[in-house]
Structures are given as structure tokens and as C-alpha cells.
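# Summary of the model geometry
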Amino acid sequence: MRRRSLYIIFLLVPILMISCNATKYVPADEYLMKDYKIEAGDGGFDKKALNKYIKQKPNKKVLGWRFYLSLYNLSNPEKEKWPHGWLRRIGESPVVYDEDLMGKSSEQLKLYMNNKGFYNSVVTDSTIYKKGKAKVIYHVNPNLPYTIKDISYFFQDGKLSSLVLPDSGSSRFRSGELFDVDVLMEEMGRIEKVLRDNGYYRFNKDFIYYEVDSSLRNNSVSVTLGIKNFPERDELGNLIQTKHPVYTIRNVYLETDHDMMASRREGEVPDRQRDTLYYDSIYVISEGKPNIRSGVVTQKNYIIPGQLFDASDMQRTYRNLSSLSASRMVDIRFREVLGETPMLDCDIRIAPATLQSYSIKLEGTNSGGNIGAGVNLGYRHRNLFGGSEQFDISFMGARESLSESSSSTDEGVGRGLLQEYGVEARLRIPKFLLPFKTDRFIREYNPQTNIRLSYNYQKRPDYTRTMANASFGYDWRKSERLLHRVFPLEASLILTPYKSEEFQDWLEGKYLYYSYEPHLIIDSRYSVNWSNKKVLKNQNFQDIRLNLEAAGNLLYAGYSLFAQDPPEGEKYQLLGVDFAQYLKADIDGRSYSFLYEDVSIIFRGFAGVGFAYLNSNAMPFERQYFSGGANSIRAWQVKSLGPGSYEDPDETTYPNQTGDVKLEANMEYRFKLFWKLEAALFLETGNIWSLSKEDDREGAGFEFRRFYKELAVGTGAGVRAVFSFFIFRFDLGVPLRSPYALEGSNWLPGNSGIKGRDLTYNLAIGYPF
């Protein structure tokens, strides 16, 4: 059924775009809401925010086309059988112009302007009717706004002023600014946070009030901010006003194996009759031995007995404990303790996660007619040693068959078949493994230690390669938006036990020869990731990643100082293998914009450079950049694009082109089709280049005066099946501009045209970026 539905969608696309009448099901005496426009004068307010207050908006568009309305219009409203009912469900009924909603929109715009301090603003609206469609224009004239002339404070509890006023420098609530209601609300939130972070557990925004004197001239106001006292009843039951109580933490009870369902049945207070361990001033409660070691959970805790209540400490504790792989859910609650002194008991409940899990991932490729498939089997243990250590091990295998017409000339092992197998083990420990005390750092930045071991075997018709890797590193969060990763030590041993005679002859005397020789990489890496992605879905956000890498420098310095110089033409070696020496840096930036709930546009830019020197003649093959493939420029198959204007004269179907420099820009427009299916249109450009003067590939070198002439351009379309646990993706890439030297224009549509063999099919799991 769904297969037939998808077929019909693509079959009807030309009909939808050419012949569909947008007003087909709009009543004769009504108008289709075509569009709206807001014309607003300048005045120091956010014009884009006005769009949120429009009560009636036109049908959603995909690249200017009312795609969902077109689907709806293909149906017959008098029929319910397939496909008519189905088309109405996946489509969107016409938005019929409503004059009342236009009036309410104008009222909302006026209210927004008032809240921003523009009480003298004038909002009007008008409608243009044409060919059964209506376009609404809203005119917003801000006029002169009201500003804050002076601010005064009134605290019934004088002790509060010593906390509220010193922190006011970070506030936007100040003299000379617009009289903005949102800023006043923001100031109330700031004050609430300051006081709740200093023991005022019962304080909230309801105690804060404003008094405004608008009788001043020149559109200015005088504002008084006041904080009321805390109400409570005396011994006779009379309501009296007193100073706000300051609460201290008495006891903290931390339950490591809480049953959320049982707590709903039995009440809110944890069962104190179970095993209780007093550890680091915390009562750790569990059924028998704690499933997570007490030292691990108490290190993540900010709520300490004897300290004042702090709402931010509660949030930090929640964040730290939620990050533990062994925890599924965390709940933190406070209970007031009866007595003369305001005190709180804190109950922290950790619901354990499923201890073990298994996964399987499948991936398919179709590049230039070569069919390939891969599988990844994974196992995860979320509490390996009882300290919430997460252990992952995965086994992967992939094979790609080459068409007979393009098989290697090699008669040796693996003719016409690419094979790759590997195993990888990772251990994530929720603290720093360092020889000194890091408790404070653990609480503040929630660090992790990462240990990784992997082995990879690659078998191609022209060579066989093995790669063994071991790394040790840390990651921590400076803030919710900033993630740091550092790997002080990583070692990789790359061997090439087999090279065919033809391939060996081809490599002789070439720059790429060094990339296929056995080598050892001892490197250090640092990366930082900034993202303002929010928890809420369909919120615009940006993501920037910076990576720095250096290898071989300390080794080279040590050999230079304490070892004899190697024979002429040879390099320093460790364990009988040349070690690599290079520097590498790259940056990846992404911007996600949601035009509608199910329509988004994503921009991505990437720039990277690597440079080999001293003990290396070329960057290691594994550290070089490549272009093309399912997550790069999809109009070229993986590792087939570049470097520069170089074109492999052998035209092999198992390309292996790499470089030292990479520039790439991608744009993808995504929109929902129906059910779980999404569609995407993309446009991409980029290439790779070499930096070494020894590189003998003609046109491969990077030069500022011509690199922009060697940018490849590709476009295409794709379909994605989006499930909660994975995304299956199919993309069809179409080359538009070739970076190679051609007779005539490099733009293929205006030169030799685009043929079927130029198309590249990509099957993958997940979004490309």
C-alpha cells in the first residue's frame, strides 16, 4: 500500500506543479489566503517577531509551491475510498481568508507593540483581492516609544537588597532603555534565580511587583520595583507578613535503584527500611549493594548537607546524574522539615537504565553501478564495573562488487571486490582518570574518560591494508553549549601487507607512494563543539566544530636530541616503522532553519588543511581528506572527486583520491511527504587539493589564483524514511559542474550534457549532516 502510494506521489508531481488549481475547493464567495506582508517602520524592536502574532497564515509552501494544498486538491471531497481520503490526510486543506482573524492579528500586533514600549503605535490592515485570492498587508507605525527615566527599589525585607542589587549589572532593566514588558519579566526571573540560589526555597516571581508612573513628559516613565514580604500564619491563625525564610539542607537521601512505578503506588517518600549507606555526607539507599558505586553518584552531586538551598545546584546535579549511562531517569525533590529553623531534606531518585542492549545497522551503496552493502553489529553494557562505565563493542563488515567491465587488471586476490572488516571497543568512564584529586572539576564540568581500541582490515583488488588504533582521552562541558574533547595520546599502526604488482608499479616514483607505506601515527587531538540546539523540536540552531591535531613532534624532537641521524633518504623509526609528523586543522559549521513544522533548510560549510613535514613526505592516507559519497558531495562517489583538476587517467571504479586541503559547502532543503517519508533537494560544491610540491598529479595542487575554478558543483534529490530509532536515506546525485579540464564549459548541462552513467546513487543510514 505505502509502496503504491509513494509511486503515485512521484507520478503525480508534474501534474501537481503544472495543472493544479489552488482555488479548486475554495467556496465561490470566499478567497484563498494567498499571502500576508508586514510593513513596519524602524523603531528598535524585532520585526521578525511580529510574524508570531499573525492568526491566519497561508498554506505551507515548498520552494514557493503549495505542495500540500496541491495534494489535497487532487482528491474528490465526495469520495472516501483510496486515494481520495489518503490525499486529504497527507495534504492540507485550503486556508480560506477570514476577516475576523485579520482583525485579531492586528489586535495582537498592537498588543505586542505596547509590550515593547510603543504605546503610541498605530496598526492598520488592508486586503488585496485578485483572481479568487486574498493578500493581507499589515501596516505598523511604531511612533515614539516610552523609555525608562529612572528606577527605584522597595524591599520590605531589607536583607534581599544585598543579593539583588549587586547582580543588577547583568540586567537589561536599566534607565534609558525602552519600557519593555518582556524586559520587566526577564528582570523578575533574574531576581527569582538570584534569591533561590541563595537559600530562598519558597521565593517566586509572585512576590515581585512594579509600580509605574507615566505622568512624566517626553514619553518617559518612572518605575519602582518592589518585593513583598513572606506571608505566614501566627499562633492564632492570623495571616502576617514576615521576612523570607532562608533554607538549609539537612539530609540528602540518594536512591540508586528507584522504581518510578512503585513510588506512584506506594507514595512519594523513599523506603528508609532498605539498605542505607552513609557516604560522603549522603545517605545512599539501595536494595542490597548499590548498583552504582556510592563514590560515583556522590561525586556528581551538588546538594550538600549544611549548605544553603541552591536551585542552580539542583539543576547541575540533575544534569550530572542524568548523564550517567546507568541512569534512565532522575528525580529530585525537597521536603520541608518541621522545626523553628527552616530546613530541607532532599530526595534524589535514580531509575536504573537497561543494563545491556544490542543493535544492528545496515547500509547500502550504489556508486556508478557498483552495488555494496555493510552491516554493523553492536553490544552495549551501561554499568560494566558498577561505576556507570559504558562499554561498547561493534563488529562491522562491508563489501562492494565491481562491474565486470571495470574490474581491476590485477589477477590476484579479490578481483572486482572491495571488502572491509573491523572491530572496535570503547569504554567511557564518568570521571577523569588522573593521578590527582578532581572532585570539584567532576561536579563542575561533568567530565568523561574515553578509551578506544580498534582494528580494521581492508581488502581491495590492488592492495590490502590493516589499521590498529588505540586512544585515550577526555571530554567535558564548559557550559550547556560548549563541549571540549582532548586526546593527549593516540596511536595508530598502519600496514600494507599486500600490493599488486600493477599497483606497486603505478605507485613507484609518485607522491602517493609514501601514503601506502607502513607507518606509525602517535598524535594528540583537541576538538571543541559549540551548539545552541534546544530540547524543543523545530527550533532554529547552529553547530560549529573545530578540530586540531598534531603528530610526531615530540618523537622527532627526542630522536633529534638523543639518537643518530637516519641514513640519507630514510626517516626516524619507532618499532621498525616510520612515524608520521604533521599538523592538521579543520572547522565544520552548520545552520538549521525551520521554515514550517515539517519544512527546513540546512546549510553546511567545511574547511580543513593538513601539512606533513620533517619525518613525513606526505600526510598519512588515513588523515587525508576525501570528497564525494553519501555524506559529502553526493554527485560523485566516495573518494572519486579531485584533487583539484586532476582526473585519474585509469578511470578506476574503486577510486582512492585524497588530499591535504578540503573546502566544501552544502545546502539541503527538507520537507515531509507523508507517513514516515521525507523528501530533500540539495546543492553542493567543493573539492580537495594537495599542498606538497612533490605531488605529481597534474592539477592537484592548491593555488589561490585558480582553486575556485576547480570547485565541483552537484545537485540532486533524495527520499528518507524517518523512524524513531533510525533514518534510512536514498539520495540521487547529479553533477552540474566538473572540476576537470574539459573542452568548452565546465558546466555539464551546457557542454556534453548529463548522461545516465553520470548519476550517483547513495544509500545510507542517518542524515548527511
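Rules used throughout
Residues numbered from 1 in each chain as written. Predicted model: local features only at pLDDT ≥ 70, side-chain atom pairs only at ≥ 80, totals over all residues. Heavy atoms only, no water. Helix = DSSP H or I, 4+ residues; strand = E, 2+ residues; numbered from the N terminus. Buried < 20%, exposed > 50% of the residue type's maximum accessible area, 1.4 Å probe, protein only. Contact = heavy atoms within 4.5 Å. Areas by Shrake-Rupley, 256 points an atom, 1.4 Å probe, with all protein chains shown as cover. Expected span 1.5 Å × (residues − 1). Polar contact = N/O pair within 3.5 Å; in protein donor to acceptor, adjacent residues only side chain to side chain. Pairing = 2+ DSSP bridges. Phe/Tyr/Trp six-rings, centres within 6.5 Å; stacked < 30°, edge-to-face > 60°. Lys NZ or Arg CZ within 6 Å of the ring centre and 35° of its normal. Salt bridge = Lys/Arg side-chain N within 4 Å of Asp/Glu carboxyl O. Core = buried A, V, L, I, M, F, W, Y, C linked by side-chain atoms within 4.5 Å. Patch = residues over 30% accessible without salt bridge, like charges linked within 9 Å, V, L, I, M, F, W, Y side chains within 5 Å. Axes fitted to C-alpha atoms, helices over the stretch in contact; angles between N-to-C directions. Lys, Arg positive; Asp, Glu negative; His and termini not counted. Charge placed at Lys NZ, Arg CZ, Asp CG, Glu CD. pLDDT = per-residue confidence, 0-100.

### Thoughts on the overall build of the chain
Tallying secondary structure elements over the chain gives twelve helices and 31 strands in all. By principal-axis analysis of the C-alpha atoms, the chain measures approximately 100 × 75 × 55 Å. Across the 769 residues that make up the chain, the buried fraction comes to 47%. Look at the contacts in the chain between residues 6 or more apart in sequence, and 65% of them connect residues 24 or more apart. As displayed, the chain has an accessible area near 39700 Å², and 54% of this comes from carbon and sulfur atoms.

### Considering helix α9 (residues 311-322)
For an α-helix, 3.6 residues make a turn, and residues three or four places apart therefore share a direction. In this model, α9 (twelve residues) spans 17 Å end to end at C-alpha, consistent with the 16 Å of a helix rising 1.5 Å per residue. Those residues of α9 lying buried are Ala311, Ser312, Asp313, Met314, Thr317, Asn320 and Leu321. Against α6 (181-196), α8 (294-299), β12 (327-337), β13 (343-352) and α10 (439-445) lie the buried residues of α9. Measuring from the backbone nitrogen of Ser312 back to the side-chain oxygen at the start of α9 gives 2.9 Å, which picks out Asp310 as the cap.

### Observations concerning the pairing of strand β8 (residues 239-242)
With four bridges connecting them, strand β7 (residues 230-233) and β8 associate as antiparallel partners. Pairing of Pro231 across the sheet is with Gln241, part of β8. Linking β7 back to β8 in an antiparallel pair, the connection comprises five residues, with Gly237 at a positive phi of about 85 degrees.

### As for the packing of aromatic side chains
Taken as a whole and assessed by the stated rule, the structure comprises 45 aromatic pairs. With 6.0 Å between their ring centres and 5 degrees between their planes, Tyr153 and Phe155 make a pair best called stacked. Here Phe155 falls in the buried class, since its relative accessible area comes to 15%. Every member of this aromatic cluster is reached through a ring pair, and the members are Trp65, Phe67, Tyr68, Tyr669 and Phe671. Above the face of the Tyr68 ring, Lys60 is positioned so that its terminal group lies 4.9 Å from the ring centre. The cationic tip of Lys584 hangs over the ring face of Tyr625; the distance from NZ or CZ to the ring centre is 4.7 Å.

### Notes on the pattern of salt bridges
Under the defined criterion, the tally for this structure stands at 44 salt bridges. The salt bridge involving Arg452 is made with Glu424; its shortest N-O contact spans 2.6 Å. Here Arg452 is found in strand β18 (residues 448-459), whereas its partner Glu424 is found in strand β17 (residues 417-429), with 28 residues between them in sequence. Two residues, Glu490 and Arg623, come together in a salt bridge whose shortest N-O distance is 3.9 Å. With Glu490 in strand β20 (residues 482-499) and Arg623 in the loop between β26 (599-612) and β27 (661-674), this residue pair connects regions lying 133 residues apart in the sequence.

### Topic: the nonpolar core
Within the largest apolar cluster, 23 residues are counted, with the highest numbers of intra-cluster contacts made by Ile303, Ile332, Phe334 and Ile348. Ranked by residue count, the leading element in this core is β13, at four residues. Beyond its immediate stretch of four places on either side in the chain, Ile332 contacts Ile303, Met314, Thr317, Tyr318, Cys346, Asp347 and Ile348. Phe155, Val164, Leu195 and Leu225 belong to the second largest nonpolar core, which has 21 residues in total.

### Observations concerning unusual backbone geometry
Excluding glycine, most residues fall at negative phi; most peptide bonds, likewise, are trans. Geometrically, the link from Trp82 to Pro83 is a cis peptide bond, its omega value of 10 degrees lying close to zero. Omega for the peptide link from Gly642 to Pro643 comes to -5 degrees, which places this bond in the cis form. By secondary structure assignment, the location of Pro643 is in the loop between β26 and β27. One non-glycine residue, Ser388, lies in the positive phi region at around 60 degrees. Positioned with a positive phi, Trp675 is a non-glycine residue whose angle comes to about 50 degrees.

### Details of a nonpolar patch on the surface
On the surface, a nonpolar cluster with roughly 630 Å² of combined accessible area is contributed by Ile360, Leu362, Val375, Leu377, Phe395, Val423 and Tyr455. Among the secondary structure elements, those contributing two or more residues to the nonpolar patch are β14 (356-367) and β15 (370-381). Within the secondary structure, Leu362 is located in strand β14.

### Considering the sheet that holds strand β3 (residues 133-141)
Pairing within the open sheet is mixed, and its three strands lie in the order β1-β3-β2. The open sheet has two edge strands, β1 (32-40) and β2 (122-130), and neither has a second partner. This sheet shows a mean twist of 15 degrees between the axes of neighbouring strands, independent of strand direction. Direction of pairing for β2 relative to β3: antiparallel, over a ladder of nine bridges. Directly across from Ser126, in β3, lies its bridge partner Ile137. Seen against the sheet, helix α4 (residues 99-115) touches β2 and β3 and runs at an angle of roughly 20 degrees to β3.

### Here we look at the sheet that holds β12
The five strands are arranged β10-β11-β9-β13-β12 in an open sheet whose pairing can be described as mixed. The open sheet has two free edges, formed respectively by β10 (275-279) and β12, since each of these has just one partner strand. Within this sheet the neighbouring strands show an average axis-to-axis angle of 20 degrees, counted without direction. Inspection of the sheet shows β10 paired to strand β11 (residues 282-286) by five bridges, in the antiparallel sense. The residue bridging Tyr278 from the neighbouring strand is Tyr283, located in β11. Contacts between α9 and the sheet are confined to β12 and β13, with β12 contributing the most and set at about 155 degrees to the helix.

### With respect to the environment of Ile128
Locating Ile128 in the fold gives a position in strand β2. Judged by relative accessible area, which is 44%, Ile128 ranks as partly exposed. Along the primary structure Ile128 and Lys34 are separated by 94 residues, whereas in three dimensions their C-alpha atoms are 9.8 Å apart. Ignoring anything within four residues of it in the chain, the contact list for Ile128 reads Lys133, Ala134, Lys135 and Ile137.

### A few points about a negative patch on the surface
Judged by side-chain charge, Glu501, Glu502, Asp505 and Glu508 come together as a negatively charged surface patch. Along the chain, Glu508 falls in the loop between α11 (501-507) and β21 (519-531).

### A closer look at the environment of Met343
Structurally, Met343 can be placed in strand β13. Classification of Met343 as partly exposed rests on a relative accessible area of 23%. For the pair Met343 and Leu163, spaced 180 residues apart in sequence, the C-alpha to C-alpha distance is 20 Å. For Met343, the contacting residues outside a window of four places in its chain are Tyr247, Thr248, Ile249, Arg250, Arg335, Glu336 and Val337.

### Examining the confidence of the model for the chain
Note: predicted coordinates in regions of low pLDDT should not be interpreted at a detailed level. Averaged over every residue, the pLDDT of the chain is 87; the share at 70 or more is 91%. Counting interchain partners and residues more than four positions distant, the pLDDT-below-50 stretch residues 1-11 has 15 contacts. Here residues 404-415 is a poorly scored stretch, pLDDT under 50, and it has 22 contacts once near neighbours within four places are set aside; other chains count.

### Looking at the side chain of His244
The residue His244 is located in the loop between β8 and β9 (248-255) in this model. Here His244 falls in the buried class, since its relative accessible area comes to 5%. A distance of 2.7 Å separates the side chain of His244 from the backbone oxygen of Lys228, its partner in a polar contact. In contact with His244, not counting residues within four places along its chain, are Asp157, Leu160, Tyr200, Phe203, Phe207, Ile227, Lys228, Asn229 and Phe230.

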